[in-house]
Amino acid sequence: MANGLDDLLGDAKKKGSEIWTNIKSAGKDKLKSGIQNLNDALPDIEKAGFILVRLDVDIALMPRLFARFKQEHLISKEERERILLKTKKNKFLNFILIGLFKAADLKNEISIDNINLEEIELEIGLTPSAKLIFRREERLSLMERKVEAIDQP
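Reading the values: rules and limits
- Residues numbered from 1 in each chain as written.
- Predicted model: local features only at pLDDT ≥ 70, side-chain atom pairs only at ≥ 80, totals over all residues.
- Heavy atoms only, no water.
- Phe/Tyr/Trp six-rings, centres within 6.5 Å; stacked < 30°, edge-to-face > 60°.
- Helix = DSSP H or I, 4+ residues; strand = E, 2+ residues; numbered from the N terminus.
- Buried < 20%, exposed > 50% of the residue type's maximum accessible area, 1.4 Å probe, protein only.
- Pairing = 2+ DSSP bridges.
- Axes fitted to C-alpha atoms, helices over the stretch in contact; angles between N-to-C directions.
- Contact = heavy atoms within 4.5 Å.

Engineer: I keep staring at the packing of aromatic side chains and nothing clicks. Help me out?
Structural biologist: To describe a pair of aromatic rings, one takes the distance between the centres and the angle between the planes. What the rule picks out here adds up to one aromatic pair. Here Phe-50 and Phe-101 contribute two aromatic rings whose centre-to-centre distance is 6.1 Å and whose plane-to-plane angle is 55°, an arrangement assigned as tilted. Taken as a pair, Phe-50 in strand 1 (residues 50-58) and Phe-101 in helix 3 (residues 91-106) lie far apart in primary sequence, 51 residues in all. You can call Phe-101 buried: its relative accessible area is 5%.

Laid out in structure tokens, this is it:
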């Protein structure tokens, strides 16, 4: 009986190891694919008025990309509609553009003591989301100068 149980446990470990290897491989492939899709989408994103300023990659069981964008210039509603219609077949790009446009529109509805919307972070993963990043730039630069002054001998 002990040998049967040992064999069963050994088979379960082997199967679990195979499954884990497949999950890791699929996650790695999804990350590569997501990064390549984002890279391919950048020209259209820039035409829509946004630039990519930062990309964070979360390597985990469910990998995620965190892409931070800054709005460089505004485009008309007609131009938005044209871009969204043109990119409709590319679900990845279309999702990014819709998220950026919605987040940019939301900034007009939010007012936080003269703090400006500086970046929009899109989480690209199993459950996509958008995060608005507000900063008071003049206070941030003052803090950076104070830190530099402290670091100086």
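Engineer: Would you mind showing me how to read the sheet that holds strand 2 (residues 64-71) here?
Structural biologist: Whether parallel or antiparallel, the strands of a sheet pair through hydrogen bonds between backbone atoms. If you walk across this open sheet you meet the four strands as 1-2-3-4, and the pairing is antiparallel. Each of the sheet's edge strands pairs with one partner strand only, and the pair in question is strand 1 and strand 4 (129-135). In this sheet, adjacent strand axes meet at a mean angle of 25° when their direction is disregarded. Pairing geometry for strand 3 (residues 116-124) and strand 4, over seven bridges, is antiparallel. Paired with Glu-121 across the strands is Lys-131, a residue of strand 4. Sheet contacts for helix 3: strand 1, strand 2, strand 3 and strand 4; angle to strand 3, the most-contacted strand, approximately 150°.

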